[in-house]
Every structure is written in structure tokens, then in C-alpha cells.
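Descriptive structure summary
The primary structure of each chain is shown beneath.
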Amino acid sequence: MKKILLVTSLLLALLITFIEAYDVRNVESLSYVIAIGIDKSNSKDEPLSLTIQIAKPDTSEGNGTKIKSEINTVQCNSFNLGLAMLNLANVNELNLSHCSVIIISEELAREGIEDFINTVANNIEIRPTCNILISKEKAKDYLEVTSKIEDISAKFYNSYINSAEITSYVTPCELSDFYSSLHQDVKTPVALYSFTKDDNIESLGLAVFKDYKMVGRLSGLDTICYNILTNNFKQATIEVYNPQDPSLSLSVAISDFKDTDINVTLENGIPKINCDVQIKAVLLSANKDFDFSNEQSLKEIESEINSFLDQHITAFLYQTSQEYKSDIVGFEGYFKRNFLTQDELDKYNWEEIYQKAEFNVKTENYLKSGFLFSKN
Amino acid sequence: MNYKIGKFEAIFLVLIVMMNKILLNMPKEIIKQSKTGAPINIIFVGIIAVLFAILIIKLFKKFPNEDIIDISEYIGKKPLKIFIGIIFELLFSLIIVTVVFEFSNLLQKIYFPNTPTSLILLIFLGSIGFANLIGFKSIIKTNSIVVVLILASLIVIFAGTIKSLNFNRLNPILGQNIETTFLEGLSNIFAYGGLIYLFFISPFLKNKKDYPSIAITSITVSGIFLLFSTIILLALFPFITHSEELLSMYLLTRCIEFGTVFQRTDAIFIFLWIISAFSYLSISLMFMINIFKKLTNCNDSTNYSYSFIAILFSIIVLFENQSLFKFLETIIYKYFILGILCLCLAILVIGNIKKKIRKEI
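Owing to the predicted nature of the structure, the values given are computational and were not obtained by experimental measurement. (Residues numbered from 1 in each chain as written. Chains lettered and ligands numbered in written order. Predicted model: local features only at pLDDT ≥ 70, side-chain atom pairs only at ≥ 80, totals over all residues.)

**A closer look at the pairing of strand β8 (residues 200–210) of chain A**
Residues and elements named next belong to chain A. Direction of pairing for strand β7 (residues 190–197) relative to β8: antiparallel, over a ladder of seven bridges. In the strand pairing of β8, L192 is matched with L206. What sits between the antiparallel neighbours β8 and strand β9 (residues 213–218) is a turn of two residues, in which D211 has the positive phi angle 55°. (Pairing = 2+ DSSP bridges. Helix = DSSP H or I, 4+ residues; strand = E, 2+ residues; numbered from the N terminus.)

Shown next, in the form of C-alpha cells:
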């Protein structure tokens, strides 16, 4: 009896597993979206314009399988409605699980993204590691340019962002981090800033947000400062004043050495923010008249690098606190360290007092004379 | 249930309960109550849970071969035995119903949006019925493997998310205020619901001397994992103090990527969690049947598993309502556990006093 029951149960389990075959979604029946573009439309009734980039295998030329992309755009009231309309126009079911970037036009970002960013983050198919990118032009135009690039796939955007990351002029801005920064976080969100250049795309700097609206843009150098302060810095090349020949600036490669030490205290209702930056530096410039082999000349350049970074980081911090009024570095988190309970913390409005913050940046660098020659 | 379980099998039995609770939003419930004070609160209630465990160990010393149902019979004859038995039957039914509903809901939302819920429920309930038919020994042995896998999966989740953590999000460390974290937070002792299983495992142990180390080790290990899960959730998702999400641990797995080779690893974790849920549910059903056997004096009650499954299946299908199950899983479960803990401790204390008086006479 026991054996019969066991066999019956096993058969039942198998049966249940296999009768579900009708529900299985095959790769052939899906269209994979690799990028989503969101624009403001010209229509009052349908304020959004949703563009998707779909990867399609192309075997027409007989040189193996290449991936080509197709662009589809609809005007809609909401993100989900737009997707439904795009699904109607597409033979296969759209699948967003390979979407690696969400492109929002600067025009729309400046007006606010509240209406759809929460919906996008709530979509189970979209990965939290998908990057948020703000395009200078319309997202549709941006995607049209990328579609001309051959062999484009979901990996294209990731590789493109990761390679740009090495320069520190950009930093990855993933959906999960962006969404977190919008909800009770210690920092405000930033997104990658990108634009088209001839027949290609380029990313440089970051878009600064306050709540759901884009309030400004950081330059490449500002982004280096941002990366240094948020401990995301890897390496970068900067140009500093040359004490040996003021007419020729010096190229210096800087890289991370130690995490930036940040301390926030409150004095007379004004936050005093101290940032101790420590980096490594290597001289790249070489000239027959340059001599960086002695300690004195190295110290002079060290001091130039320090003052260059102090100056730019301080300017960047005042720009974010006074002009953008947006705490993108996350000083609020360091401020919270001074309190044990939320009740004590609730006596202060960080958003208000951050605008009056005073910054004190101290940079130290450890300079090496050069890769191959310290004197030519 | 003639098979006697070893020390590690018993530890794993308590751990599977706690691990499933961690996976099923337990850290989130604590965060919701204590906000950023959750890690301190977990340490605080953890110490109290260990004290509870020590008390249970001391009180069980005089009843090495009995469980809480036997002790109830000893002090209050049949009426108390039946009363306590029914309470535990209700608790285990609540556990099975909520766990099955949560997991089938998760599976349906992520992988089977077009599949009827009843089919997913049947797979869950059918499997635990099948496991109980095979027997106690198989369930316990399988559970030992499953717990190791689950612990490993949690460690991988912790390691995989560590680069994205922002520990500044953990401030202020005492939460809203001291009262909320320590006084109101005392009710979070329900997080250590694994304590309940300590009232049943004593008669099944190979070596009764292992009981103290089983109780302390299982509570400490689960406390450590609960603490780490809470810290990671708070340091990664600042919105978690206010949001309502599907499963907070699932959100963590979606953020894990190991280079470009291991991406989208969440499916592996879900697979492991389903196996862990099977194990947890099988154990709960096993205890349910065992209690029923004691209440009805049946010699062979294995085949009752199908009747229980049919009843539980009907309950889930009848009340298929997300908010109702959320209410059952959080509020009802929380106070049920607290009530049962107090009731069982009272029974154990009275049992000990009765034994002492009888000895003196």
C-alpha cells in the first residue's frame, strides 16, 4: 500500500510539473529589450514618449550571427501603458530582463521623474543593476544613434559605462541605488550624463537630482571630486601648474590610496564638514628641461596637486550645497553619527542646514616621479 | 518516530525554522518596529532568548523523555493536554499556511505569472505530504543537508552585497528612542520562534545531555544570521523602514553580481529557498501529526498527513487574500509565539513544582 502511494505521489508530482508546459515562455517567443528611453512628448493627453531598443539576431550577410537593434516608440500616459502598446505592435512578447540602461531626456528629468521612476523600479523584470542615464538630447534620438553601432547588445552599455568608469569622469548609477537615494536615504541621487557626438555616444559627468528633479550637471572634474569623496575613485589624469615651466602644465595620474575621512560636526547651527583626502600620484609629463629627480621639486609638485584638489573639491562641495542644495555625497549619514536616537536628530532639518555648511578639505598625496624617467 | 536524532540534526532542526523566518521577512518586521535600532534590538532580544533557552533547559531537566504535551498531561490530565495540543496544532497550521502562501505567491509573481495559484500550492503541499509519508528519519537527514546549503547561501548573499553597503544608513543606532528599541522592541522576541521547537525535541534526542548545547547553539547561530541580515538590509535599502515589499531577502539576491560571469543569481537562491521551505514545512507537518497522534492515541497516524494537507489547502484557497495572510504572518504569529512561550514556561514551572512536591511526599 505504502509503495502504491509513493508511486502515485511521484507520478502526480511529475504530472503537475509537465502539464505546465503551456505556460513556459520560450526564448523564441520573447523580444529582449536592451534599453528603454523616456521622453516628454508633445501631446498633452499622452505626456510621455516611450522608446525601446530591441536586440535582434541578424544572419543576412552570411558572416555569422550579428546583433542588430530595432527602435520602437509610442506616446503614452504611463510607463506600463506604453509597454502594453509596444507589446501590441510587436510580434513577440517584450521582456525587460536584459535591459541594461534606462535613458531619460534632460528635458524630462528637469521637470521631474516621479511619475514613472517608482513604476520602473517596481517592475520585476528590470534588474536593479540597470543603469540610469540622462541624455542631453531626446532619449529616442540617443537610441537611434546607438542603433547604428554594429553588434549592439545588452553588454554594450555595461562595457561602455565600465570602460568610462576607469577615467573617473563618470560613475555607474544603478537603478537600485538611484531608487534608494530617492527614499529616506542619507544622500540624494545622481545619474550618468551622456550625449551624442557625431555618430557615437559619449558620457561625461553626472546629472544631479534633488528629490525627483534634475537640478544641475557635474563636469568631468566635478565627477572626479565626487568619486574621491564617495570612495568610488579609481584613477584619473589631471593637469596642474608646473613650477619649473609655468607655460607648460603637468599631467599627473592620480589614483585611490585611502578612503576619504569625513567628519561632520555642528557648531552654532552650522555644519562644519572636514574631508581628509589621501591619494597616490604619478607624474606623466616629461620634457628635456624638467627635472623631478630631487626631493625639492617633487615636494613643490606635491603641494601643487594638493592645492589643485583642495580648490576643486571645495568648489564642487559649495556648488552642490549652495547652488544645487543637494547632498549627493551623503554628508547626512556622517551627521547622523553624532546622534544616538532619531528623536534627537529630528530637532535638526538637515536639508536646511546643509545649505549653510562650511567645508574644510585637506588633501595629501604620495607622489612618484614618473613611470620610466624622472629626468630626461 | 522511533528514530533518535543526533546533536547536529537537532541544531539544524531548530535552525531551519529560524532560517525560513529570516527568508520570510522576519528582519523586515523587526526593522519596521525598531527602524535603525533593529541591530541593537536583535542583540537585546537575542540575549533574552538565550536566557529563555537556559530557563527551558533547566525546566526540562526533570522531563528528559517528555515533550510539552506529555508535561501538560502530567499536570492537568487530559483537558490540559487537549487544550495545549490544539494550540500547537493551530500554531503549526498557521506556520504551514503562511509559509506556503508566501512562497507560492513569490513563485507566481516571479516565474509563473500565468499559472493558477492552486497548482503551485498543490506542489508545495503534495511534496510535504510525500515527505511525511517517507518518514521522520528521511526528513531529519535531508534537513541537515538543506540547512548547510541555506546557511551557505546566506553567507554568499552577505558577501555579494558587501561592496554596496553604506553603513551610515545604520545611524542613529538606537532607533527612534530608547523606549521604542528596548521596551516596545521586547515583543521582537518572537523573532526567536525556534524556541518553540525546543519544547518538542527532548524525547527524540539520542543523547539527552546534548539538549543544553543544542538549545544555546541553535539560538546563537540563528541570532547571528538574523543580525547580519538586518544590518545588510538596513545598510543597502534605506527605504526598507517604510516600504512594503515582496520579500526583502529576494531584493538582496537581485543586487548580487560576481563579475560578468555570475549575474542574475537570484534563481539559484530561490531554488534553495524552495527546498528549505519544503524542509521546514515537512518538519512542521511532522510535529502536527505527532501531536495529533498523542491527542487521539493513534498507533499509526502517518496517513493523516493527506487529511491535514487537504484541510490546509482548502484554508489557503478559501482565504486567498494577501493582506489577510500578511496579518496572520506578522501580527497573529507574533502574539501567538509570545503567548505560547509564556504558557509553555508556566506549564514547565508548574510541572517542576508538582514533581518536587511528589518527591517530597
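**Describing the packing of helix α5 (residues 117–134) of chain B against helix α12 (residues 304–318) of chain B**
All names here are of chain B. Two elements in contact, α5 and α12, have axes separated by 10 Å at closest approach and are oriented at 160°. It follows that α5 is roughly antiparallel to α12 by the angle criterion. α12 is crossed by α5, and the crossing has right-handed handedness. Judged by residue contacts, S118, L121, L125, G129, N132 and L133 of α5 engage S305, Y306, I309, L312, F313, I316 and V317 from α12. Looking at the contact of α5 with α12, its residues break down into nine nonpolar, four polar and no charged. (Axes fitted to C-alpha atoms, helices over the stretch in contact; angles between N-to-C directions. Parallel < 35°, antiparallel > 145°, perpendicular 65-115°, else oblique. Left-handed = near helix turned anticlockwise from the far one by under 90°. Contact = placed C-beta atoms within 7 Å. Nonpolar A, V, L, I, M, F, W, Y, C, P; charged D, E, K, R; others polar.)

**Some words on the environment of L51(B)**
In this fold, L51(B) is placed in helix α3 (residues 38–60). Distance from L51(B) to E329(B), taken between C-alpha atoms, is 25 Å for residues 278 residues apart in sequence.

**As for the interface of chain B and chain A**
At the interface, 32 residues of chain B touch 29 residues of chain A. Those elements giving two or more residues to the side of chain B that touches chain A turn out to be α4 (68–110) and α5 of chain B. Ranked by residue count, the leading element in the side of chain B that touches chain A is α5(B), at seven residues.

**A look at the nonpolar core**
Residue and element names in this part refer to chain B. In this structure, I16, V100 and L281 are the most contacted members of the largest nonpolar core, which totals 108 residues. Broken down by element, this core gets its largest block of residues, 16 residues, from α4. When near neighbours in sequence (up to four residues on either side) are disregarded, L281 contacts I96, V99, V100, F124 and I128. (Core = buried A, V, L, I, M, F, W, Y, C linked by C-beta atoms within 7 Å. Buried ≥ 20, exposed ≤ 12 C-beta atoms within 10 Å, placed from the backbone.)

**Digging into the domain arrangement of chain A**
All names here are of chain A. With domains assigned, chain A is organised as domain 1 (26–218) and domain 2 (221–376). For domain 1 versus domain 2, the distance between C-alpha centres works out to 32 Å. Contact residues are listed per partner, giving 19 residues for domain 1 and 22 residues for domain 2. Going through the elements one at a time, β8 and β9 are the ones with two or more residues in the side of domain 1 that touches domain 2. If you tally residues by element for the side of domain 1 that touches domain 2, the top one is β8, at five residues. (Domains from an automatic or database assignment.)

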